[in-house]
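Architecture and fold: a report
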Amino acid sequence: MARWSGASTVLAGTAVLTSCGASLRMAGLREAGEAASHPITGYGQVATTLGRAYVSSAFRSPVNYAVTGVAMALRRPAEVLSGNLPDSSVIPGGPVSPAPPGTSRFEDWLTEQGMPEPVAGELGLLIDGREFFHSLDRELAGARRSIDIQTFIFDNDDFAVDFARRLKKRSEAVKVRVMYDDLGTSLSSAVAPDTPAPDDFEPPVTIAKILKSRPDPIEMRRTLNPWLVADHTKLYVFDDKIAFLGGMNIGREYRSEWHDMMVRVTGPATQVLTEDFDARWRSCRFPGKLPGAGRVGDDVDPATNARRGLRILRTDVVDGRFEVLTAAVSAIRSAKKRVWMETPYFSSDSVQRELVAAARRGVDVRLVLPGTSDSRLMRLANGATAVDLIRAGGRAYIYPGMTHLKALVCDDWAMVGSANYDTLSMAINRELNIATAEPGFVGELSRRVFRRDFRESRTIKEEEVDAVMSRIAEAVADQL
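First, a word on scope: everything that follows refers to the structure included in this document. (Residues numbered from 1 in each chain as written. Predicted model: local features only at pLDDT ≥ 70, side-chain atom pairs only at ≥ 80, totals over all residues. Heavy atoms only, no water.)

1. Digging into the pairing of strand β14 (residues 413–417)
Each regular strand shows side chains that alternate between the opposite faces of the sheet. Within β14, five of the five residues are buried, leaving the element largely enclosed by the surrounding structure. Because side chains alternate across β14, one face comprises the buried residues W413, M415 and G417, and the other comprises A414 and V416, equally buried. Summarising the sheet, strand β13 (residues 407–410) and β14 pair through four bridges and their orientation is antiparallel. Within the sheet, the bridge partner assigned to A407 lies in β14 and is V416. Following β13, the chain reverses through two residues before pairing antiparallel with β14; D411 in that reversal takes a positive phi of roughly 55°. Across four bridges, β14 lies against strand β15 (residues 431–436) in antiparallel orientation. By the bridge assignment, V416 is partnered in β15 with I434. (Buried < 20%, exposed > 50% of the residue type's maximum accessible area, 1.4 Å probe, protein only. Helix = DSSP H or I, 4+ residues; strand = E, 2+ residues; numbered from the N terminus. Pairing = 2+ DSSP bridges.)

Listed below in structure tokens is the structure:
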């Protein structure tokens, strides 16, 4: 049986951490899979992107730049320290809900803890690229007024280029806006492809060359990356009425190679998501976004609120919003029956402690991790989490391939979105998640994702993990 370790893996991870590519991974750019650009040209684009991150962003939004820098100076050392204490059991627990996740009392308690108010809306689950991109194509063709797309990676492979050209065609009839993360897209464009593109395909250096080309250039903005903080959001909004959010970027691996998930949102909740997109769009121009300047969703018509509706949650270091982490920790800590989680990258010590504690008190704790990964370092670090969970009485699984899916079910409550269960998504990068206790959605997520993936995966055995090397990798991953 293959071991989750090996000196070659550690050396490879160490080499990454001492290179330009490592710095980019520290910004959350592990998702740069499929690409189709010449390496030298591509890394030239990455260098330009770094210039924009440290120069242009400082002029565009100096307050944002300074706040982000201070936050990073405080948060990274804190994560390293808290994750490497001799005995993590000395960390005191936090508040526990008087009722388990999935109940009305739990929802009320989350609101009392400062979580955003629930908003009415309906959710639909889209598993893997075939379902999502089929639905996306349908909305792309049917939009009548507007198409708004925000993504972490807008790749430059043949699939992404074709999608960009279809967006340009649609922009002849409707308003189209595209926003992508500068570092995420630049690094992805610099990575050689795993599978060959068609022989006659010539990739652009960057997708901006397609989007901004004449005729009919698309309105396009980049989210810049001061202090290597990325905007990891994936949000697609059509006519301000239909939205998609989750883990999928625009590229070939998301269409046909990786296991992933998106959620279709309709109803009043799309108002909040539309406002969120508009606010981020404005922040991409001077003077940028000032901390605390108008929290999106606070002015939603109370008639759209629902006691057991959808909570739109953010990680946003500039606004001091860490709702994804707070919701995850609160739900795991309050769970009575089950905690099921699937994630490609796990390095959050706060979440890990709660998983272990839940398993020790007899909760059915299960964690699904990828069998193959685009980050060797994070795959090795995942092994440390798996061992701790197994020793506490939980179960860890290896999915047969790359799962890029991020999902959590605690009793009868669920949370899905763009956030991984690593330090970046919990405390540094900008993320978008949605949480709900709607029984139909929680049941479908349990059945179509977790129960299926449990069947298709194999359980991890403690002896197959190299304890020493995984702990070293986990210590480094505390920063990731």
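2. A look at the sheet that holds strand β6 (residues 242–246)
In any sheet, the strands associate via hydrogen bonds between backbone groups, in a parallel or an antiparallel arrangement. Taken together, the seven strands give an open sheet; going across it, the order is β1-β7-β6-β5-β2-β3-β4, and neighbouring strands pair in mixed fashion. Two strands bound the open sheet, and with one partner strand each, they are β1 (122–127) and β4 (219–223). The sheet shows a mean angle of 15° between the axes of neighbouring strands, direction not considered. In this structure, strand β5 (residues 235–238) lies alongside β6, joined through four bridges in antiparallel fashion. Across the sheet, the residue bridging to F238 is I242, located in β6. (Axes fitted to C-alpha atoms, helices over the stretch in contact; angles between N-to-C directions.)

3. Section: a nonpolar patch on the surface
There is a patch of nonpolar side chains on the surface, built from Y54, V55, F59 and W227 and spanning about 420 Å² of accessible area. On the basis of relative accessibility, which here comes to 64%, the residue F59 falls in the exposed class. (Patch = residues over 30% accessible without salt bridge, like charges linked within 9 Å, V, L, I, M, F, W, Y side chains within 5 Å. Areas by Shrake-Rupley, 256 points an atom, 1.4 Å probe, with all protein chains shown as cover. Salt bridge = Lys/Arg side-chain N within 4 Å of Asp/Glu carboxyl O.)

4. Focus on the packing of helix α12 (residues 323–334) against helix α13 (residues 349–360)
As a packed pair, α12 and α13 sit with axes 9 Å apart at the nearest point and diverge in direction by 10°. When the interaxial angle is binned, α12 and α13 end up roughly parallel. Between α12 and α13, the contacting residues are L325, V329, I332 and R333 on the first element and S350, V351, E354, L355 and A358 on the second. Among the residues forming the contact of α12 with α13, the class breakdown is six nonpolar, one polar and two charged. (Parallel < 35°, antiparallel > 145°, perpendicular 65-115°, else oblique. Contact = heavy atoms within 4.5 Å. Nonpolar A, V, L, I, M, F, W, Y, C, P; charged D, E, K, R; others polar.)

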